[in-house]
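# Descriptive analysis of the structure
Here is how the chains run, residue by residue.
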Amino acid sequence: MSEELKHKCGIALVRLLKPLEYYQVKYGTWRYGLQKLYLLMEKQRNRGQDGAGVVSLKFDVAPGNKYFNRQRSMDDSAINVVFDKIYKQFRKIEKYKPELINDPHWSKQNLPFAAELYLGHLRYGTFGDNSLDNVHPVMRQNNWKSRNLVLAGNFNLTNVDELFDELVSYGQHPFRKSDTITVLEKIGHFLDREVQQQFDSLKTQGHNDNVELTELISDNLDLQKVLRKAGKSFDGGY
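Residues numbered from 1 in each chain as written. Predicted model: local features only at pLDDT ≥ 70, side-chain atom pairs only at ≥ 80, totals over all residues. Heavy atoms only, no water.

What follows deals with the sheet that holds strand S1 (residues 10-15). Hydrogen bonds between backbone groups are what pair the strands of a sheet, and the pairing can be parallel or antiparallel. Spatially, S1-S4-S2-S3 is the arrangement adopted by the four strands of the open sheet, whose pairing is antiparallel. The open sheet is flanked by S1 and strand S3 (68-73), the only strands paired with a single partner. The mean inter-strand angle of the sheet, taken between neighbouring strand axes irrespective of direction, is 10°. Contacting strand S2 (52-57), S3 and strand S4 (117-122), helix H3 (residues 78-96) runs over the sheet at an angle of about 140° to S3. (Pairing = 2+ DSSP bridges. Helix = DSSP H or I, 4+ residues; strand = E, 2+ residues; numbered from the N terminus. Axes fitted to C-alpha atoms, helices over the stretch in contact; angles between N-to-C directions. Contact = heavy atoms within 4.5 Å.)

Quick look at the structure:
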């Protein structure tokens, strides 16, 4: 980092270490993690007035089921708007089938944001216009689990043009020039390379079952290596 950050976005992460059923029994609601995320973001309200966003991640979901969910807002009371939209979906179930809303297994299978990991962000804009596309978390999605990427950052890069040109030199065709998308795609590029290297290495070791390979790659990804390589050419504060 070559520049001190003077304006800091707010970032909150909640990772539940037990199944949702545990929190339903102990605290009377499987929404314990979501409630904690709201409190963490509310305490940082003054860190970002330009927008707020939340992403949830469900673990151990069968193929064909959505495991990422995202809600973002640029409203004046963005935190409240985001969580109101999330809880609005729960209130519909409470109204018509109240017995289901307290069933953590059913909720995880059927409701967005019934998850084990939550990432929240409050944006203090330093680059580009104030549009919903620039509100974090931003996502890079893929059918292979290990190639998915969700980013919530606190940075002010001074060499976005240079980083953008690097992406083009890789053969990419970025759809927009912004510090957020540039950082996301830069990390994504090295994540893809790491996944491919893991795949090739495991294949040479005799692993030929692609489902098994997916799990092995997820378990052995070196994310520090990915971030070191991606961040080598970052200049600014981050």
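The amide bond that connects histidine 136 to the next residue, proline 137, takes the cis arrangement and shows omega of -5°. By the element assignment, proline 137 lies in the loop between S4 and strand S5 (138-140). For aspartate 60, which is not glycine, the phi torsion reads 55° and is therefore positive. Of note, aspartate 60 is situated in the loop between S2 and S3. Its identity as a non-glycine residue notwithstanding, phenylalanine 113 has a phi of 70°, on the positive side. The topology assignment puts phenylalanine 113 in the loop between helix H5 (104-110) and S4.

Taken as a whole, the largest pocket encloses approximately 1600 Å³ of empty space. Lining the largest pocket are 45 residues, with Leu57, Phe68, Lys145, Ser146 and Asn148 sitting closest to its centre. For the lining of the largest pocket, the elements supplying multiple residues, two or more each, are S2, S4, strand S6 (149-151), helix H7 (179-204), helix H8 (210-220) and helix H9 (223-231). For the lining of the largest pocket, the element with the highest residue contribution is H8, accounting for five residues. Looking at the lining of the largest pocket residue by residue, the class counts come to 27 nonpolar, 13 polar and five charged. (1 Å grid on protein atoms, 1.4 Å probe; cavity = no way out; pocket = protein on both sides within 12 Å on 5 of 7 lines; lining within 4 Å. Points joined across faces, edges and corners; volume = space filled by probe spheres on them. Nonpolar A, V, L, I, M, F, W, Y, C, P; charged D, E, K, R; others polar.)

With that out of the way, let us pick up the pattern of salt bridges. The tally for this structure, following the rule as stated, stands at eleven salt bridges. A salt bridge links glutamate 116 to lysine 108, with the nearest nitrogen and oxygen atoms 2.5 Å apart. Judged by its relative accessible area of 16%, lysine 108 is buried. In this structure, the salt-bridge partner of aspartate 192 is arginine 147, at a minimum N-O distance of 3.3 Å. With aspartate 192 in helix H7 and arginine 147 in the loop between S5 and S6, this residue pair connects regions lying 45 residues apart in the sequence. (Salt bridge = Lys/Arg side-chain N within 4 Å of Asp/Glu carboxyl O. Buried < 20%, exposed > 50% of the residue type's maximum accessible area, 1.4 Å probe, protein only.)

Taking 1.5 Å per residue, twelve residues should reach 16 Å; helix H2 (residues 32-43) reaches 17 Å between its end C-alpha atoms and fits that length. Restricting attention to buried positions, one finds in H2 the residues Gly33, Leu34, Leu37 and Met41. Projected down its long axis, H2 carries its buried residues within an arc of 100°, all on one side. Those residues of H2 hidden inside the fold are in contact with S1, S2, H3 and S4. (Expected span 1.5 Å × (residues − 1). Arc of directions from axis to C-beta.)

On to the packing of aromatic side chains. Applying the stated criterion across every chain yields a total of nine aromatic pairs. Where tyrosine 38 meets phenylalanine 83, the ring centres are 5.1 Å apart and the plane angle is 80°; that geometry is what we call edge-to-face. In this pair, tyrosine 38 sits in helix H2 while phenylalanine 83 sits in helix H3, placing the two residues 45 residues apart along the sequence. With a relative accessible area of 5%, phenylalanine 83 lands in the buried category. Three or more aromatic residues link up through ring pairs in this structure, and these residues are Tyr22, Tyr23, Tyr27 and Tyr32. (Phe/Tyr/Trp six-rings, centres within 6.5 Å; stacked < 30°, edge-to-face > 60°.)

Let us look at empty space enclosed by the protein. Taken as a whole and assessed by the stated rule, the structure comprises two cavities of 30 Å³ or more. A volume near 60 Å³ is recorded for the largest cavity. If you go around the largest cavity, the residues you meet are Arg45, Gly48, Gln49, Asp50, Gly51, Ala52, Asp75, Asp76, Ala78, Ile79 and Leu122. A class-by-class count of the residues in the lining of the largest cavity yields four nonpolar, three polar and four charged. What the second largest cavity holds in volume is close to 40 Å³. Lining of the second largest cavity is provided by Phe190, Arg193, Glu194, Gln197, Lys225, Val226 and Lys229.

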